[in-house]
Structures are given as structure tokens and as C-alpha cells.
Amino acid sequence: EYLFSAHMAQHIILTLLVPPLLLLGTPGWLIRPLIKPKLIFNAMRFSSKPLSAFVIFNVMFVIWHFPIFYEGALNNHLIHILEHILFISASVIVWWPVLSPLHEIPRSSYPVQVLYLVMLTISQTPLFAVITFSSDVIYNFYDMAPRMWGISSLADQQIGGIIMKLSWIFVFLPTICIVFIHWYHEDSKMTSE
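Residues numbered from 1 in each chain as written. Predicted model: local features only at pLDDT ≥ 70, side-chain atom pairs only at ≥ 80, totals over all residues. Heavy atoms only, no water.

Trainee: Before we go on, may I ask you to explain the layout of surface pockets in this structure?
Mentor: A probe matching the size of a water molecule, rolled over the atoms, marks out where space remains unfilled. Space inside the largest pocket adds up to approximately 190 Å³. Elements that contribute at least two residues to the lining of the largest pocket include exactly α1 (4-25), α3 (38-47) and α6 (77-99). Top contributing element to the lining of the largest pocket by residue count: α3, with three residues. Of the residues contributing to the lining of the largest pocket, the split by class is 10 nonpolar, one polar and no charged. (1 Å grid on protein atoms, 1.4 Å probe; cavity = no way out; pocket = protein on both sides within 12 Å on 5 of 7 lines; lining within 4 Å. Points joined across faces, edges and corners; volume = space filled by probe spheres on them. Helix = DSSP H or I, 4+ residues; strand = E, 2+ residues; numbered from the N terminus. Nonpolar A, V, L, I, M, F, W, Y, C, P; charged D, E, K, R; others polar.)

Written out as C-alpha cells, the structure is:
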């Protein structure tokens, strides 16, 4: 309620850390009954394709950062809960092509995963740039909030934008490396056979 940068750190946890851990820690047999209905299965198959997942996540993330929606969530607890549920849902979808626990809706090939992750790393740069380099405070809620540790609301916003960009790099860059290593090992194993 006081710092934009702290709220951005919370969003990073909800979008970049929780969903991959959920997918890595949830066995396929536990998810399978949830997607058994044909409508849900088809929706999941469509939305978890790399292009669909990319669009769903990025549109969701950008729209919620429009001041009208962002401040609406800050001023209404139920809207804030909805925002976080949608963030987590879109994030599970965006991580699915890389970490799917189901063979029925499988992971993408390694080359597609690498390209997908690189594009995800780049995709939010305009949003981060607007937040970081704006000469004005974008969200009035934080401009009116009590200041903590002597940080101005504009500096807090800039710190929030930097946290957003750096966290994307710190999460996606190692993930790209891991996927590339798996791709290399699979390719070298196939070559040696």
C-alpha cells in the first residue's frame, strides 16, 4: 500500500516464480482430471500453444498496468484479488510450453522453447521503459501514499520498473540456458545413436 516497487516485487513472485514451481511440482495425474472435460481440454490445448500463451500473458500483463485498472485494483480488494488470480492463471499458461507436466498437452520443442523464452524476455520492455523513464508518477495511488525511507514516489516508480526488467532477465536468462543445454544433450544423444 506504500511502495510501487514492493507491489512490483509481489507481481514478479506471482508471475515468474510461483507458476513455474507449480508446474514443476504438480504431477500430471493430479492435473489430468481437471482438463478431462473436452471444452477445458481444447481451451487448454489452444491457449498453451506458444503464440497463444505469449499473447494471453502479454495482453493480460499490459492491460492490468493501465492506470485505470491498476488503481482500480488498488482501491478495491476484490478487484485486486481478481487481478492476482488472472496474473497467476495467465502465468501458468505462459510457462506451459516450457514446463508442461502432461504428455496430452506437451511442452514445445527445444528450439521453439528457446525462441519463445527470448521473445518473452523482450516483450515487456516497452512497459518497463514507460514505467522506468516516465517523468511523471503514473499511478496517483502511490503519489498520495505515505513515503517510506525518504524515497520519492517517482524514484519508487523507477525502482519498480527496474525490478520488473531485471527480474525478467534473472528468471528467463537461466531458463533459456537450461533449455538450450537440454536441447544440446538431446541433439548430441540423437547424433551418437
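Moving on from the coordinates now.
Trainee: Explain the pattern of salt bridges to me, please; I cannot follow it from the model alone.
Mentor: Pairs can form between side chains of opposite charge once their charged atoms are near each other. Summed over the entire model, instances satisfying the criterion amount to one salt bridge. With a closest N to O distance of 2.4 Å, Glu-104 and Arg-32 form a salt bridge. Taken together, the positions of Glu-104 in the loop between α6 and α7 (110-123) and Arg-32 in the loop between α2 (28-31) and α3 put the pair 72 residues apart, joining distant regions of the chain. (Salt bridge = Lys/Arg side-chain N within 4 Å of Asp/Glu carboxyl O.)

Trainee: What's the story with the environment of Ser-109 in this structure? I'm lost.
Mentor: Secondary-structure assignment places Ser-109 in the loop between α6 and α7. Residue classification places Ser-109 among the partly exposed positions, given a relative accessible area of 40%. (Buried < 20%, exposed > 50% of the residue type's maximum accessible area, 1.4 Å probe, protein only.)

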